[in-house]
Amino acid sequence: MNTIKLNPELAKKYGVENLEEYGDMMISCCESDDQAKLKEMADALSDQEAKAIGDELTTVFHYEILNSDETEEQFLKSLYLNRSPE
């Protein structure tokens, strides 16, 4: 279970309760090709929030990623969730 909490200001701004709902909204933006909103949402996340959402989404989409030509890293990059190690 994820112990990282979503910043309350982001939750309020996007009308979501938690990181899972935030991730779902990011996937919806990706599916509707709303790259500007997707990038805005990703950029607003802390590194810890981005990692938590990235981990959750790669778990949820594990088989889709395996059955595609895309790597997990490319998947995260498409969602602007790839962060450089510090």
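Above this text sits the structure in question.
### Some words on the nonpolar core
- By size, the foremost hydrophobic cluster in this structure holds 23 residues, and its most contacted members are Leu6, Tyr22, Met26, Leu45, Ile53 and Leu81.
- Residue assignment for this core shows that the elements contributing at least two residues are α1 (8-14), α2 (19-31), α3 (35-44), α4 (47-60) and α6 (72-78).
- Take this core: its biggest share by element is five residues, from α2.
- In this structure, tyrosine 22 is in contact with Leu6, Leu10, Tyr14, Val16, Met41, Ala44, Leu45 and Ile53, ignoring residues within four places of it in sequence.

### Things to note about the packing of aromatic side chains
- In total, this model carries two aromatic pairs according to the counting rule given.
- Arranged with centres 5.7 Å apart and planes meeting at 45°, the rings of phenylalanine 61 and phenylalanine 75 form a pair that is tilted. On the criterion of sequence distance, the pair formed by phenylalanine 61 in the loop between α4 and α5 (62-66) and phenylalanine 75 in helix α6 is long-range, its members being 14 residues apart.
- Phenylalanine 75 sits in the buried class, given a relative accessible area of 9%.

### Describing the environment of lysine 37
- Looking at where lysine 37 falls in the secondary structure, it is placed in helix α3.
- The spacing of lysine 37 and glutamate 56 is 19 residues in sequence and 20 Å in space, taken between C-alpha atoms.
- Excluding anything up to four places from it in sequence, lysine 37 contacts Tyr14, Met25 and Cys29.

### Regarding a negative patch on the surface
- Taken together, the side chains of Glu17, Glu20, Glu21, Asp24 and Glu56 present a region of like negative charge at the surface.
- Ranked by residues supplied to the negative patch, first place goes to α2 with three residues.
- With respect to the helices and strands, glutamate 21 occurs in helix α2.
- Owing to a relative accessible area of 31%, glutamate 21 belongs among the partly exposed residues under this scheme.

### Remarks on α2
- Given a rise of 1.5 Å per residue, 13 residues ought to cover 18 Å, and the 18 Å separating the end C-alpha atoms of α2 matches this to within 8%.
- Among the residues of α2, those classed as buried are Leu19, Tyr22, Gly23, Met26, Ile27 and Cys29. In a view along the axis of α2, the buried residues occupy a sector of 160°, so they form one face of it.
- If you follow the buried residues of α2, they end up packed against α1, α3, α4 and α6.
- Where α2 begins, the capping side chain belongs to asparagine 18, and its oxygen is found 3.1 Å from the backbone nitrogen of glutamate 20.

Here is what the cut-offs are and how they apply
- Residues numbered from 1 in each chain as written.
- Predicted model: local features only at pLDDT ≥ 70, side-chain atom pairs only at ≥ 80, totals over all residues.
- Heavy atoms only, no water.
- Core = buried A, V, L, I, M, F, W, Y, C linked by side-chain atoms within 4.5 Å.
- Buried < 20%, exposed > 50% of the residue type's maximum accessible area, 1.4 Å probe, protein only.
- Helix = DSSP H or I, 4+ residues; strand = E, 2+ residues; numbered from the N terminus.
- Contact = heavy atoms within 4.5 Å.
- Phe/Tyr/Trp six-rings, centres within 6.5 Å; stacked < 30°, edge-to-face > 60°.
- Patch = residues over 30% accessible without salt bridge, like charges linked within 9 Å, V, L, I, M, F, W, Y side chains within 5 Å.
- Areas by Shrake-Rupley, 256 points an atom, 1.4 Å probe, with all protein chains shown as cover.
- Salt bridge = Lys/Arg side-chain N within 4 Å of Asp/Glu carboxyl O.
- Lys, Arg positive; Asp, Glu negative; His and termini not counted.
- Charge placed at Lys NZ, Arg CZ, Asp CG, Glu CD.
- Expected span 1.5 Å × (residues − 1).
- Arc of directions from axis to C-beta.
- Polar contact = N/O pair within 3.5 Å; in protein donor to acceptor, adjacent residues only side chain to side chain.

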